[in-house]
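Breakdown of the fold
Letter by letter, the chains look like this.
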Amino acid sequence: MFKKLQQLQAIIASRNSENLGDIAILKSDFFGAKVSATVASKLQPVVGYYPVIDLKQLSQYPQGSFGREYANHMQANQLKPLNISPELEDIAKRNLFALRYLVTHDIFHVLLDFDTTYAGEIGVLAFAATQNYSKSLQIGLCLAKLLYPILAPQQIKGIFANLAKGRELGKKADFLLGYRFEEHWEEPIEDVRKRLGLL
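Check the secondary structure of the chain and you find 11 helices and 0 strands. The order of α-helices and β-strands along the chain, N terminus first, is α-α-α-α-α-α-α-α-α-α-α. Long-range contacts, defined here as pairs at least 24 residues apart, represent 69% of the contacts in the chain between residues at least 6 apart. Of the roughly 10800 Å² of accessible surface on the chain, a fraction of 56% belongs to carbon and sulfur atoms.

Under the counting rule described, the total for this entry stands at 4 salt bridges. The partner of Arg180 in a salt bridge is Glu183, with the nearest N and O atoms 3.2 Å apart. Arg180 gets classed as partly exposed once you look at its relative accessible area, which sits at 30%. The class of Glu183 is partly exposed, set by a relative accessible area of 49%.

Moving on, we come to empty space enclosed by the protein. In the structure shown here, the tally under the stated rule is 1 cavity of 30 Å³ or more. Along its surface, the largest cavity is lined by Tyr50, Pro51, Val52, Leu82, Asn83, Ile84 and Val103. For the lining of the largest cavity, the class distribution of residues is 6 nonpolar, 1 polar and no charged.

Buried residues of helix H5 (residues 66–76): Phe66, Gly67, Arg68, Tyr70, Ala71, His73 and Met74, and no others. Residues of H5 that are buried in the fold lie against helix H4 (55–58), helix H7 (96–112) and helix H11 (189–195). In the stretch just after H5, Gln78 is the one whose phi turns positive, near 55°.

Here we come to the packing of aromatic side chains. Per the counting criterion, the structure on display carries 11 aromatic pairs. On the basis of an interplanar angle of 70° and a centroid distance of 6.4 Å, the ring pair of Phe66 and Phe181 is categorised as edge-to-face. With a gap of 115 residues between them, Phe66 in helix H5 and Phe181 in the loop between helix H10 (156–172) and H11 connect regions that are remote in the sequence. Of the two residues, Phe66 and Phe181, neither departs from the other in class, the shared state being buried. Ring geometry for Phe97 and Tyr101: centres 6.1 Å apart, planes at 20°, overall stacked. Separated by 4 residues within a single helix, Phe97 and Tyr101 lie in helix H7, roughly one turn from each other. One aromatic cluster is present, formed by Phe66, Tyr70, Phe97, Tyr101, Phe108, Phe127, Tyr133, Phe175, Tyr179, Phe181 and Trp185 through successive ring pairs. Here the guanidinium or amino end of Lys165 rests over the ring plane of Phe114, the centre of that ring lying 4.8 Å away.

Residue Gln78 is not a glycine yet carries a positive backbone phi of 55°. Mapped onto the elements, Gln78 comes out in the loop between H5 and helix H6 (89–94). Non-glycine residue Asp113 carries a positive phi angle of around 65°. Inspection of the secondary structure puts Asp113 in the loop between H7 and helix H8 (118–130). You can call Asp113 exposed: its relative accessible area is 57%.

In this section: the packing of H8 against helix H9 (residues 135–151). Where H8 meets H9, the closest approach of the two axes is 9 Å, and the angle between their N-to-C directions is 160°. Taken together, the axis directions place H8 and H9 in an arrangement best described as roughly antiparallel. Considering the relative orientation of H8 and H9, their crossing is left-handed. Across the interface between the two elements, Tyr118, Glu121, Ile122, Leu125, Ala126, Ala128 and Ala129 of H8 pack against Leu137, Gln138, Gly140, Leu141, Ala144, Lys145, Tyr148 and Leu151 of H9.

In this section: the environment of Ala128. Considering the arrangement of structural elements, one finds Ala128 in helix H8. Measuring from C-alpha to C-alpha, the distance between Ala128 and Gln138 comes to 8.2 Å, with 10 residues separating the pair along the chain. Contacts of Ala128, omitting those with residues within four sequence positions, involve Tyr101, Tyr133 and Leu137.

Each value, and the rule that gives it
- Residues numbered from 1 in each chain as written.
- Predicted model: local features only at pLDDT ≥ 70, side-chain atom pairs only at ≥ 80, totals over all residues.
- Heavy atoms only, no water.
- Helix = DSSP H or I, 4+ residues; strand = E, 2+ residues; numbered from the N terminus.
- Contact = heavy atoms within 4.5 Å.
- Areas by Shrake-Rupley, 256 points an atom, 1.4 Å probe, with all protein chains shown as cover.
- Salt bridge = Lys/Arg side-chain N within 4 Å of Asp/Glu carboxyl O.
- Buried < 20%, exposed > 50% of the residue type's maximum accessible area, 1.4 Å probe, protein only.
- 1 Å grid on protein atoms, 1.4 Å probe; cavity = no way out; pocket = protein on both sides within 12 Å on 5 of 7 lines; lining within 4 Å.
- Points joined across faces, edges and corners; volume = space filled by probe spheres on them.
- Nonpolar A, V, L, I, M, F, W, Y, C, P; charged D, E, K, R; others polar.
- Phe/Tyr/Trp six-rings, centres within 6.5 Å; stacked < 30°, edge-to-face > 60°.
- Lys NZ or Arg CZ within 6 Å of the ring centre and 35° of its normal.
- Axes fitted to C-alpha atoms, helices over the stretch in contact; angles between N-to-C directions.
- Parallel < 35°, antiparallel > 145°, perpendicular 65-115°, else oblique.
- Left-handed = near helix turned anticlockwise from the far one by under 90°.

So, in structure tokens, the structure goes:
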């Protein structure tokens, strides 16, 4: 109980952090995100790997590059990368799945070509659930299938189209959560998609 109280205090204290990833990783630590041993072993290539993402630098890359497309997506939707403060390194290491999923969520939006509407979000969620990242994502997908059509009835057609597309991409693509996307920013996005089995 005392540990949970400390974790809650840390979440509240992190609200003023410039690194938006801090509060996200602290919440994941609080709720205890779990993954299977199979997924944990596939995440080994990204253990201790969470480079800072600099949108200003990425926006200087050539048009059509992976980094430039990601920066455009983030800026168009007024989003910031979920960078993690160095002092949370131990918590980040302990929550490898949560860290990697949080950091790559918007990367998935770009690679899978899903926007940030309810329809776009369910596409990303369907992809992640199909790749079997965690049971919590599969439960989240079940809830989203029920709630999103109610929350956004004008998007129903897109919601179900993206649900199918996300599942299809999830089946044919490599296991993406363990991929070091950040080492490929300068490459054409179509090359990255092809290499990962997304085309």
